[in-house]
Amino acid sequence: MEDLYARLMTDVRFEEGLNACMNCGVCTGICPAAEYYNYDPRRVVDLVQTRDNNIILELLKSETIWYCGQCMSCKTRCPRGNTPGLVIMALRKVSQELGYFTESEKGRQQFAIKRTVGENILKHGYCVVSYDVDPKSHPEQGPAWEHYYNHLEDSLARVGGELNGKEGPTRKISDDVLQELKNIFEVTGGQDLYDAIEEASELKAAEMNMEFKRAGRDFEYFRHVVTADNGNHQVENEDIRREEHAARR
Amino acid sequence: MQLEGKKRIWAEYQKDIPDDHFFYVRSCIRQTFFAGSEQVFLKIMRDDLGKDVMEDPRHTTCTGIGYHGDVVPFETISTVVARHFALATEAGYKNIAISCVTSFGIYTEILETWKHFPDLLAKTRDNLFKATGREFDLPESIAHASDIIYKFRDELARKAKYQLYDITTGKPLKVVEHIGCHYAKMFPKHGIGGAEFPHVLVGMIESWGGEVIDYPERRHCCGFGFRQYLIQANRGYSISASRKKFESMEPYKPDMIVANCPGCAMFMDRWQYTIKEIDDVTYGGYKTGIPTLTYEEMAGLVMGYDPWEMGLQFHNVQALPLLRKMGIKADPDKRFLAKDGSRLPEPANLINS
Amino acid sequence: MTVMTKHVIIAGGGVAGIEAAGVLADMGHTVSILEKEGNPGGHVSKWHALFPDRRPAGEVTGYLGKRIENENIRFIAGTSVEKIERHGGGLTVGISGGTTLNADAVIVATGFDLFDARRKEEYGYGIYDNVITSADLEQMFNDDRLLTSDGRVPDRIGFVHCVGSRDEKVCNEHCSKVCCVTAVKQAIEVREKLPGCEVFCFYMDMRMFGPFYEELYRESQEKYNVNYIRGKVSEASGTMKKRVALKVEDTLAGRPLKMEVDLLVLMTGMEMSKSGAKLAEASGFATGINRFLESTDNHYGSNMSKMKGVFYAGTCTAPMNITDTISHARAAAVEAVKYLSSK
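None of these values were measured; they are calculated from a predicted model.

### Looking at the overall build of chain B
When helices and strands are counted, chain B shows 17 helices and 10 strands. Against the 2.2 N^0.38 benchmark of 20 Å for 353 residues, chain B shows a C-alpha radius of gyration of 20 Å, consistent with a compact globule. With respect to the three principal axes, the spread of C-alpha positions in chain B is 60 × 50 × 50 Å.

### Quick look at the interface of chain B and chain A
The partner chain A presents 72 residues to the 76 residues of chain B that form the contact. Top element by residues in the side of chain B that touches chain A is helix H5 (residues 74-91) of chain B. It accounts for 6 residues. Broken down by class, the residue content of the side of chain B that touches chain A amounts to 35 nonpolar, 27 polar and 14 charged.

### What about the pairing of strand E1 (residues 22-25) of chain B?
Residue and element names in this part refer to chain B. Of the two faces of E1, the one carrying Phe 22 and Tyr 24 and the one carrying Phe 23 and Val 25 are both buried. Sheet topology note: the E1/strand E3 (residues 95-98) ladder contains 4 bridges and is parallel. In the sheet register, Tyr 24 faces E3, and the bridge partner there is Ala 97.

### Focus on the domain arrangement of chain A
All names here are of chain A. The domain architecture assigned to chain A consists of domain 1 (4-105) and domain 2 (109-126 + 173-227). Computed from C-alpha atoms alone, the centre-to-centre distance between domain 1 and domain 2 is 24 Å. Taken together, the contacts link 5 residues of domain 1 with 7 residues of domain 2.

### A short note on the nonpolar core
Core analysis: the biggest nonpolar cluster contains 226 residues, and A:Val87, B:Ala97, B:Ile98, C:Val160, C:Leu264, C:Val265 and C:Leu266 have the highest contact counts within it. Grouped together as the second largest cluster of nonpolar side chains are 51 residues, C:Leu24, C:Ile33, C:Val81 and C:Ala103 included.

### Some words on the interface of chain C and chain B
Taken together, the contacts link 12 residues of chain C with 13 residues of chain B. Ranked by residue count, the leading element in the side of chain C that touches chain B is strand E15 (residues 235-238) of chain C, at 3 residues. Taken together, the residues of the side of chain C that touches chain B break down into 4 nonpolar, 4 polar and 4 charged.

### As for the sheet that holds strand E2 (residues 30-34) of chain C
All names here are of chain C. The 5 strands are arranged E5-E2-E1-E9-E20 in an open sheet whose pairing can be described as parallel. Of all the strands in the sheet, the pair left with one neighbour each is strand E5 (73-76) and strand E20 (310-312). Within this sheet the neighbouring strands show an average axis-to-axis angle of 20 degrees, counted without direction. Packing against the sheet, helix H1 (residues 15-26) makes contact with strand E1 (7-11), E2, E5 and strand E9 (105-108), and its axis sits at approximately 170 degrees to E2.

How each quantity is defined
- Residues numbered from 1 in each chain as written.
- Chains lettered and ligands numbered in written order.
- Predicted model: local features only at pLDDT ≥ 70, side-chain atom pairs only at ≥ 80, totals over all residues.
- Helix = DSSP H or I, 4+ residues; strand = E, 2+ residues; numbered from the N terminus.
- Rg over C-alpha atoms; globule rule 2.2 N^0.38 Å.
- Contact = placed C-beta atoms within 7 Å.
- Nonpolar A, V, L, I, M, F, W, Y, C, P; charged D, E, K, R; others polar.
- Buried ≥ 20, exposed ≤ 12 C-beta atoms within 10 Å, placed from the backbone.
- Pairing = 2+ DSSP bridges.
- Domains from an automatic or database assignment.
- Core = buried A, V, L, I, M, F, W, Y, C linked by C-beta atoms within 7 Å.
- Axes fitted to C-alpha atoms, helices over the stretch in contact; angles between N-to-C directions.

Put into structure tokens, the structure is as follows:
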């Protein structure tokens, strides 16, 4: 088996993110994901620093590494200068490069991120485009957004912009510029990562017997990864001590 | 709370912000959800402050959301950002003004990484040249756009038409200021005031007559979480983070929330709407929601710009109560107009409408 | 001059300086103690009770006071030592005010400073009400006034271990050694004074290194029901009711924890004293990576400086408790005597 720890060490974020952990817990104490999910960044770092390939492999396949929201609050506080958030980013990269991300429900979601944000970058030159934030799949955006979306040109004109104009907010990114971006992605491994995500996802969809299309978002596997929730992400064990703590708030 | 202690910290974390000649790079989120805000920033800089702010339409996303969504590698984002440096170099600009807070965090992270790993800088130079034929100088300074408004807050205060003042009570408005995580949590020395007691918005608010509220969950992330919002199944993470903040700030009776990160401003507006729909709970004074503004909108109000031309109507929590408090006359009927001036149907279920 | 009438200057009139002076004076040498503050005794004169047996600090201060009641000792208050140099066969000592004194030997006993808790910004010391340091608490014990800032009797007090120690973020990677047992002691004192008050100690490790320390820890649990939570407090915020809301992980339960306390006590660590650091720099004394004075050998040379005739005593070399400081000071005095008799 490949030396996964050595592979992680080639990622500058991992090198910056892990010195050695003394398990003080300031990271978990402040982590928004630890408040919401069954997640503990301290434990993740403690596991990784064993340098044990079997443990790291389990992490790469797990739900655990996908709970972090990358707020980096952990970086501010760690007395050893570690950053669990950066360790997570390095783990996520390896998990996708090696195809392990499809083993977990949360990991499979990377496919949707690639198809939306990832492809927006190369198609439009932006991570997010207004005409893509469809109120039907984003009811939480509310009535104000729905109006804005339904009257995009009028609304933008009101505030001094022009949808796909020559300049200003939401200007159209020209084809030459998009080509430059494409070239950058080719040269730096960005396209390779996109391809790795696609490949593993297509295999997984076949394994799960779900419809898969090589373009677009209107098919079963896409809808599945975006909505699936097995209800196990916030499992809490019986813990009397925890109830006592809750009572003390 | 003792102000002396905070002042000590603020004095230590002062940042050198250039005086003029900025190369502006836009934000995917801000231009999508708060396009007016970016235009307000440029208007304030150029018309009110007489500054030179250049924008090259060939600049793109920095790919930050992709990077923090873990679909874009570090080498790729470094090279995209290097391309922006190349555009700035080409135009003769040494100071970058960054609209997005995540971008600001990323530009800082990349520059810091290059400082400690010069071989990576060399590699990026190679990659950029190979991909685009472009070359670049390192910028002399990078600032978040809010840093720049902060720097000139007193000058703007002198020119201001309104104050962050409640004319109905005769007291300063109570303002919750929210700083995007990627502004200072990664590199506290690069944020005005550092990570624990950031000053960039406090300074603006106080210069413009408002009172800042501190509350226990002030430093808590708004909950964007990148993938935690992008993917529908994960959104519970995002909404509960904001909810925690609302519940914590509510007893202090804030009149408004202001954020320097566009994502935070967007979420704290959207989640108030969503919480109302799910649980029929609203926050703020008379349970009418807490208007959540970008700092540009706050600056624009103070400078007397038309609220609707700034896009304040495109928030779920309408700012009408806030405008009344500040004594700003703005006709609610003029909020939703088409390009030709005709009235568009007003969205239903806005809060405070 | 015979051995019996050599002049030794001691920089610092705290525990180490006074004990070293006492040994030298008992052996007939002339000693001048130069102390920058107005009074002798250093930090211990501010404490209330000392671990492990909780004896009144005043007893040790009294002992030190008696030590300097020796006709061979001159105690000069309000004066700091700024530079030490070799000159001819002896040493010249530059002091504040510009004068220089001559000495045959010098003992550096400049002690420690407590870490400035304001530097751990996330705890809000000096900003939020009811965030205090262990030194502040000790003063409250002296004043017999254990109340919150708005005069309430606390129902719950939290102690944060390792404030300013073991922490790269404030450039102090070292462990300050005595804070853990201090927290245990103070926790017991609180529980005794206020039996209705809950006490939580938030620790990373329990460093009960000295005689009877581990026993004190056990007693604090068995007899006094002090609660120990393994996790370093991540953040403290002031609440509307002037309580302190803290965030921490209970690492043994593997869960984040939020709690409000009435008083949060920061166990601030020891740093090289500022005046000692200035003296070291001016005189060319080597300091370690922890910024304390570096002796010539970690094991058998901990009192020894590279400068002939100069010796180190006490916490200017490393965090120490009072017992070890006194032993260290006596050893420094013996080294000085050996040196003087060889001249």
